[in-house]
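Now for the letters of each chain:
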Amino acid sequence: MSAIDYGDRARIGLLVPSGNQVCEAEIHAMLPPGVAALVTRLELRGSSEAELLRMLDSLEVAARLLADARPALIGFHCTAVSTFAPEMAEGITRRIADAAGRPATVTADAILAALGALGARRVLLVTPYIAAVHEREIAFLAAHGITVTGGSMGGLNTNAEMAEMPPDRIAAQVRAAATTDADACFVSCTAIRSAGLIAPLEAELGMPVITSNQVMAWHMLRRCGIADAVPGFGRLMSLD
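Conventions adopted
Residues numbered from 1 in each chain as written. Predicted model: local features only at pLDDT ≥ 70, side-chain atom pairs only at ≥ 80, totals over all residues. Heavy atoms only, no water. Buried < 20%, exposed > 50% of the residue type's maximum accessible area, 1.4 Å probe, protein only. Helix = DSSP H or I, 4+ residues; strand = E, 2+ residues; numbered from the N terminus. Pairing = 2+ DSSP bridges. Contact = heavy atoms within 4.5 Å.

Asker: Go over the pairing of strand S7 (residues 184-187), please, and point to the residues and values.
Answerer: Here S7 shows no split at all, with Ala184 and Phe186 on one side and Cys185 and Val187 on the other all buried. Inspection of the sheet shows strand S5 (residues 122-127) paired to S7 by four bridges, in the parallel sense. Counted as the bridge partner of leucine 124 is cysteine 185 from S7. Strand direction decides the pairing type here: S7 and strand S8 (residues 209-211), joined by three bridges, are parallel.

Asker: Could you give an account of the side chain of serine 194, with specific residues and numbers?
Answerer: Note that serine 194 resides in the loop between S7 and helix H10 (198-205). Filtering out sequence-adjacent residues up to four positions away, serine 194 remains in contact with Glu26, Val187 and Thr211.

Asker: So, unusual backbone geometry: which residues are in play, and what are the values?
Answerer: The phi dihedral of arginine 70 is positive, around 55 degrees, even though this residue is not glycine. The phi torsion at cysteine 189 lies on the positive side, around 120 degrees, for a residue other than glycine. In this fold, cysteine 189 is placed in the loop between S7 and H10. Among the residues examined, cysteine 189 registers a relative accessible area of 3% and is labelled buried.

Taken by themselves, the reported measurements are silent on function.
Given below as structure tokens:
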């Protein structure tokens, strides 16, 4: 009988979109032995402005529920909401910490920390999003000194549609967007099957590739004082 990993080194808490079918599998795959993710959902089914902002309506309730399991850190894990505006991430983090009495972070913080660790100031941005969400993410990055030098969007509205996007289509979107003046490629969105593309695309493009699920796994591990390298998921997962 195989040993059961209960996360005795660290347990991290995640608040994820209700329609997300992908992020748990990818993040669990990126966690080293002894680390476990505990997950709670918040309502999000589409990408309109009203739907994205409504995801925050039950933030405190969900954070308190996760706090009952005593995670070392709670992460709000939605790229589109946390990058909605430059000040959005700070407000979400504060609300979670106040409600749960636990340290908190958001996907937007993880993105910026990862790009900083890689020394990347010019990025390709590839997303499955509708135009409004994609453009808000470009504006968020610009507000933090990150220039988007190229990229593309997929025009998808729901997490269900994003989960059905074949990885080879994501890879083709990256290749079509590739330029030579970027420091890194950011394949954004927690709801697409991108984890398996990271290492092959890095080898093909000759630059670091980050994804929303990868940066959150890396950032939360480092915030918990766990510096293990996790092979197979790109350069970032070997950085302190």
